[in-house]
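Okay, here's what each chain looks like letter by letter:
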Amino acid sequence: MTEDRSTSLPLPQGPTRPAGFGAGVRRALFGIDPADTSFARRRFHGEAGPVRDRLERVGQTFVQGYHAALADARPAPLAEGIDAEVERDFRGFAYEGAGMALALLDTLIPGRRAARSRLACFLGGPGDAHTYIVHVGAGWVMGRLPVSPERYLARLADPLLRWLALDGYGFHEGFFHWPKSVTRQLVPRRLHGYARRGFDQGLGRSLWFVEGADVERLPRTIGAFPASRQPDLWGGLGLACGYAGGRTQAEVESLLAAAGPHAPQLAQGMAFAAKARERAGNPTPQTTLACRVVWGVTARETAAVCDEALHDLPPDRPGEPAFEVWRRRIQDVFSQRRLA
């Protein structure tokens, strides 16, 4: 099932404003109400408590980073502000929000070549350590503006990590439009081929929030999707479990058991989470716990699997980009270790 919908952000009217127009105007035009990320506003599952508080803080921190980039897109001041104001555990979510804002400004305010775009400058500087999550944040723009996914991805310089932008798109649709994307299982019509799989990884990640990280509900939610979509949804769920966290050892063990034949995808998503945190230098006990349960090793050792799987990665082929080969190699390592 597919669907199309109009942009969620107002497009500038009349002459294009120069790139330097005021932060207040940018906030007025493109700002996000932090309350829009609350469980109450989104009507997510989950009772009040520590898990819900943690997940709501993730959303609030994303918006904080998004607004910081709208206010000042210069790489050094932006990163310095985030690092000073956001606790290390949640810092990646602020960088994700910054990635969205920078990509949004690049899209709506022309006059900058791709090599000199705000996003490229940030990734070439202090945003490099958070490159995984910044690419994810850049993908949110596809959920807010009527852009061609193919053309949008082509603007992103990294041929491997650009696919993470589709994760951001899928997360956005699940988080803000779950009745369509989760309950009715709709996929945007403008997505074709492998792009739909990247979208589903992000949609799976959003389920951690939509279902309040409920390890009993999550397998049922994914199980209601067509069998062909379930592996990528489990991969996204593993990424969220490992990166956002919030659950106990016993609950992660329950999730691993429920994954059944999709345990390799769950593990691969968790390896992505470990690698993103290892590169950014913001490890957390939550990620360590998840890796210990699923991979049986430390988060650092889990992250190393991602690095090893990159060796001699083949070029993109029709229908199978190198990104998918990377994911499958990580899944194969997990499967081989389980059999050992």
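Residues numbered from 1 in each chain as written. Predicted model: local features only at pLDDT ≥ 70, side-chain atom pairs only at ≥ 80, totals over all residues. Heavy atoms only, no water.

(A) Layout of empty space enclosed by the protein. Within the structure shown, the criterion is met by four cavities of 30 Å³ or more. When its volume is computed, the largest cavity comes out at roughly 170 Å³. Surrounding the largest cavity, 17 residues form its lining, Val 58, Phe 93, Phe 171, Arg 205 and Phe 209 being those nearest its centre. Here the element with the most residues in the lining of the largest cavity is helix H3 (residues 50-71); it accounts for four residues. Residues belonging to the lining of the largest cavity are distributed by class as follows: 13 nonpolar, two polar and two charged. A volume near 130 Å³ is recorded for the second largest cavity. Along its surface, the second largest cavity is lined by 14 residues, and Tyr 132, Val 136, Leu 239, Phe 272 and Ala 276 are the ones closest to its centre. Only helix H7 (131-139), helix H10 (164-176), helix H14 (230-243), helix H16 (263-280) and helix H19 (322-339) provide two or more residues apiece to the lining of the second largest cavity. (1 Å grid on protein atoms, 1.4 Å probe; cavity = no way out; pocket = protein on both sides within 12 Å on 5 of 7 lines; lining within 4 Å. Points joined across faces, edges and corners; volume = space filled by probe spheres on them. Helix = DSSP H or I, 4+ residues; strand = E, 2+ residues; numbered from the N terminus. Nonpolar A, V, L, I, M, F, W, Y, C, P; charged D, E, K, R; others polar.)

(B) Representation of the nonpolar core in the model. Ranked by size, the top nonpolar core spans 110 residues in total, and within it Tyr 66, Trp 208, Phe 209, Val 294, Trp 295, Trp 326 and Ile 330 carry the most contacts. For this core, the leading source of residues is helix H5 (residues 91-108), giving 11 residues. Discounting chain neighbours no more than four positions away, the residues touching Ile 330 are Gln 268, Ala 271, Phe 272, Trp 295, Val 305, Cys 306 and Ala 309. (Core = buried A, V, L, I, M, F, W, Y, C linked by side-chain atoms within 4.5 Å. Buried < 20%, exposed > 50% of the residue type's maximum accessible area, 1.4 Å probe, protein only. Contact = heavy atoms within 4.5 Å.)

(C) Summary view of the layout of surface pockets. Volume-wise, the second largest pocket comes out at about 150 Å³. If you go around the second largest pocket, you meet 10 residues; those closest to its centre are Val 187, Arg 196, Asp 200, Ser 228 and Arg 229. A per-element tally of the lining of the second largest pocket places helix H12 (residues 195-210) first, with three residues. Looking at side-chain class alone, the lining of the second largest pocket contains three nonpolar, two polar and five charged residues.

(D) Layout of the pattern of salt bridges. For the structure on display, the rule yields 23 salt bridges. With a shortest N-O distance of 2.9 Å, Glu 278 and Lys 275 are connected by a salt bridge. With Glu 278 and Lys 275 both in helix H16, this residue pair falls three residues apart, about one helical turn. In this structure Glu 278 comes out as partly exposed when scored by relative accessible area, which is 29%. Residue classification places Lys 275 among the buried positions, given a relative accessible area of 10%. Across the pair Glu 324 and Arg 327 runs a salt bridge whose closest N-O atoms are separated by 2.9 Å. One end of the pair, Glu 324, and the other, Arg 327, are both in helix H19, three residues apart, so they sit about a helical turn from each other. Accessibility classification places Glu 324 together with Arg 327 in one group, the buried group. (Salt bridge = Lys/Arg side-chain N within 4 Å of Asp/Glu carboxyl O.)

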